[in-house]
Amino acid sequence: MTATTLPPGRYGPAPARRGRRRTVTIVVLSVVAAAAVAVLVWFGLAKSTGVTVETYGYSVKDAQSVSVTFSVTTKPGTPVVCTLEALNDAHAQVGSKDVRIPTADQQVMRYTATVATAERAVTGVADSCRVAG
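Residues numbered from 1 in each chain as written. Predicted model: local features only at pLDDT ≥ 70, side-chain atom pairs only at ≥ 80, totals over all residues. Heavy atoms only, no water.

Trainee: For the nonpolar core, give the residues involved together with the corresponding values.
Mentor: If you look at soluble globular proteins, the nonpolar side chains tend to sit buried side by side. Grouped together as the largest cluster of nonpolar side chains are 19 residues, with contacts concentrated most on Phe70, Val72, Val80, Cys82, Leu84 and Ile101. Where this core is concerned, the elements lending two or more residues are β2 (65-73), β3 (80-87), β4 (93-101), β5 (108-116) and β6 (123-131). (Core = buried A, V, L, I, M, F, W, Y, C linked by side-chain atoms within 4.5 Å. Buried < 20%, exposed > 50% of the residue type's maximum accessible area, 1.4 Å probe, protein only. Helix = DSSP H or I, 4+ residues; strand = E, 2+ residues; numbered from the N terminus.)

Written out as structure tokens, the structure reads:
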């Protein structure tokens with residue numbers, strides 16, 4: 001049995017492959033662009049809390065603790081909670097502590113806090129801060 005071919009032009013012109021490919025490309029690029037915009041908006045909203053943190057230094061006290069010096073920038077009168085982390089030489093977290101920062105009259109405040117560790121840390125960082133709720 002052989003395959004039959006349709007008479008040319010009987011069912012309209014054959015669809016153009018280029019037109020289909022262009023349509024698929026436009027759809028894919030539109031989806032990628034929409035996803036990129038969504039990610040940018042998400043990052044923008046995450047940073048819009050008005051709270052920033054910067055680590056100034058750390059001091060490994062012993063095998064069970066590390067102190068972290070950091071600054072917090074926020075609107076005066078805003079209570080903040082900052083998460084501090086202690087990391088080992090493999091960059092694994094060996095300690096964590098949430099530090100509650102009370103309201104203050106200044107926009108930039110500097111603090112030092114001690115983080116207890118499960119093993120010897122090689123660094124301490126202020127990971128993030130957020131408005132206390």
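Picking up where we left off.
Trainee: Which residues make up a nonpolar patch on the surface, and what values go with them?
Mentor: Taken together, the side chains of Val24, Val28 and Val32 present a nonpolar region at the surface, about 250 Å² in accessible area. Mapped onto the secondary structure, valine 24 falls in helix α1 (residues 17-47). (Patch = residues over 30% accessible without salt bridge, like charges linked within 9 Å, V, L, I, M, F, W, Y side chains within 5 Å. Areas by Shrake-Rupley, 256 points an atom, 1.4 Å probe, with all protein chains shown as cover. Salt bridge = Lys/Arg side-chain N within 4 Å of Asp/Glu carboxyl O.)

Trainee: An account of the packing of aromatic side chains is requested, with residue identities and associated values reported.
Mentor: What the rule picks out here adds up to one aromatic pair. The interplanar angle of 35 degrees and the centroid separation of 6.1 Å between the aromatic rings of phenylalanine 70 and tyrosine 111 together place this pair among those described as tilted. Residue phenylalanine 70 is located in strand β2, and its partner tyrosine 111 is located in strand β5; the two are separated by 41 residues in the primary sequence. For tyrosine 111, a relative accessible area of 24% gives the class partly exposed. (Phe/Tyr/Trp six-rings, centres within 6.5 Å; stacked < 30°, edge-to-face > 60°.)

Trainee: So what's going on with the sheet that holds strand β1 (residues 52-62)? Which residues, and what values?
Mentor: Strand order across the open sheet formed by three strands is β1-β2-β5, with antiparallel pairing between neighbours. Whereas interior strands pair on both sides, the edge strands pair on one side only; in this sheet they are β1 and β5. Taken over all neighbouring pairs, the strand axes of this sheet differ in orientation by 20 degrees on average, direction set aside. Sheet topology note: the β1/β2 ladder contains nine bridges and is antiparallel. Across the sheet, valine 53 pairs through a bridge with valine 72, a residue of β2. (Pairing = 2+ DSSP bridges. Axes fitted to C-alpha atoms, helices over the stretch in contact; angles between N-to-C directions.)

Trainee: Outline the side chain of threonine 74, supporting the account with residue identities and numerical values.
Mentor: Looking at the secondary structure, you find threonine 74 in the loop between β2 and β3. When its relative accessible area of 4% is taken as the criterion, threonine 74 is described as buried. When sequence neighbours within four positions are dropped, the list of residues in contact with threonine 74 reads Gly50, Val51, Val80, Gln106, Gln107 and Met109. (Contact = heavy atoms within 4.5 Å.)

Trainee: Give a description of the state of the cysteines that names residues and reports values.
Mentor: Enumeration over the complete set of coordinates arrives at one disulfide. With its sulfur 1.9 Å from that of its partner, cysteine 82 forms a disulfide with cysteine 129. Judged by the torsion about the S-S bond (110 degrees), the cysteine 82/cysteine 129 disulfide is right-handed. Residue cysteine 82 is found in strand β3, and its partner cysteine 129 is found in strand β6; the two are separated by 47 residues along the sequence. Cysteine 129 shares its class with cysteine 82; the two are buried. (Disulfide = S-S within 2.5 Å.)

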